[in-house]
Amino acid sequence: MTHLYLMPGMAANPSIFEYIALPEDRFVIHLLEWQMPKPKETISDYAKRMTAFIVHDNSVLLGVSFGGVLVQEMAKHISLKKLIIVSSVKSKYELPRRMKLSRKLKLYTILPTRLIEDIDKLAKYAFGETVKDRVALYQKYLSMNDRHYMSWAVKEMVCWDQEESDPSILHIHGDTDRVFPIKYIDNCVTIPGGSHIMVITKYKWFNENLPQLIEND
């Protein structure tokens, strides 16, 4: 049996994986959740703390968006069968210009308050889109909106300083991703029409293709 651990994206809860279903005779799915960061905790230290939730050897770790950044940091502390990121980045060089600008001008210090106060803004930042009649959907998936968490998460995302990516990472990315535009992304499995929230909207693709992608060396 392969144990697959799933980490949601920024501000999101594990319900984003509610439609992911893999053959139960070969895979066991474990859902990870964001924990409250400690004061001044680095993403490296946070990731090391999160590895306590990986209780099986030779597991597969998959992270979405900022969760993809986190699982890369976690993988530096544990041995894995495979590391997968979805709708994410492998180094600071794949970040879009607006995030690099936010880092340079330290705009990330004022952004979290706006995101917490406006669900549409949070949805646009976390999901790459905002649609008025889908606010209930956003509220369902984006429940981790604590001010301390958001301040930490936004800063750690835009200030992530990874220079080189792990060549063994399996990167799955949509060609219509607005948060991390594919023009900045190298070496990935591209999903046509896949948006930043394709783990929800393109779940059938994941259910059909993940088993083979995981089991292929």
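Here we summarise the structure given alongside this text. Every chain begins its residue count from 1, and numbering advances along the sequence as written. Where local features are concerned, this predicted model is filtered to residues with pLDDT of at least 70; where side-chain atom pairs are given and counted, the filter is 80 or more; whole-chain, interface and lining totals use all residues. Heavy atoms throughout the structure, all of them, feed into the side-chain values; hydrogens and water do not.

Some thoughts on the overall build of the protein chain
Then comes step 1: Think of it this way: any DSSP run of H or I at least four residues long counts as a helix, any run of E at least two long counts as a strand, and we number them from the N terminus. Secondary structure assignment for the protein chain yields 9 helices and 6 strands.
Then comes step 2: Restricting the contact set of the protein chain to residue pairs at least 6 apart, pairs at least 24 apart contribute 65%. We call two residues in contact when some of their heavy atoms are within 4.5 Å.

Description of the pairing of strand β1 (residues 2–7)
Then comes step 1: The buried fraction of β1 amounts to 6 of the 6 residues, a majority that puts the element mostly inside the structure.
Then comes step 2: Exposure is judged per residue with a 1.4 Å probe applied to protein chains only, and the accessible area is read against the type maximum: over 50% gives exposed, under 20% gives buried, and values in between give partly exposed. Every second residue of β1 is oriented toward a common face, with Thr2, Leu4 and Leu6 on one face and His3, Tyr5 and Met7 on the other, all of them buried.
Then comes step 3: Paired strands, as defined in this entry, are two strands with at least two bridges between them according to DSSP. Bridge count for β1 against strand β2 (residues 27–31) is 5 bridges, and the pairing is parallel. Looking across to β2, one finds that tyrosine 5 is bridged to histidine 30.
Then comes step 4: Relative to strand β3 (residues 60–64), β1 runs parallel, the two being bridged by 4 bridges. Directly across from methionine 7, in β3, lies its bridge partner glycine 63.

Concerning the side chain of lysine 92
Then comes step 1: Looking at the secondary structure, you find lysine 92 in the loop between β4 (82–86) and α3 (97–105).
Then comes step 2: Judged by its relative accessible area of 19%, lysine 92 is buried.
Then comes step 3: Side chain to side chain, lysine 92 and aspartate 161 meet in a polar contact 3.1 Å long.
Then comes step 4: Leaving out residues up to four positions away in the same chain, lysine 92 has contacts with Lys100, Arg103, Trp160, Asp161, Gln162 and Glu163. N or O atoms within 3.5 Å of each other form a polar contact, as long as, within protein, one can give a hydrogen and the other can take it, and as long as residues adjacent in sequence are counted only when both atoms are side-chain atoms.

Comments concerning helix α9 (residues 203–215)
Then comes step 1: Helix span, as expected, comes to 1.5 Å for every residue beyond the first. With 13 residues, α9 extends 19 Å between its outermost C-alpha atoms, agreeing within 8% with the 18 Å of an ideal straight helix rising 1.5 Å per residue.
Then comes step 2: To get the bend at any residue, fit one axis to the seven residues that end at it and another to the seven that begin at it, then take the angle between the two axes. Of all the bends in α9, the greatest, near 45°, is centred on asparagine 209, and the proline proline 211 appears no more than four residues after it.
Then comes step 3: Looking only at α9, the buried set comprises Phe206, Asn207, Leu210, Pro211 and Ile214.

Structural notes on unusual backbone geometry
Then comes step 1: Although it is not a glycine, lysine 40 adopts a positive phi angle of roughly 60°.
Then comes step 2: Taking the relative accessible area as the measure of exposure, lysine 40 reaches 85% and is therefore exposed.
Then comes step 3: Here asparagine 187, not a glycine, exhibits a phi torsion of approximately 50°, which is positive.
Then comes step 4: Structurally, the position occupied by asparagine 187 is in the loop between β5 (170–174) and β6 (189–191).
Then comes step 5: Assessed through its relative accessible area of 71%, asparagine 187 is described here as exposed.

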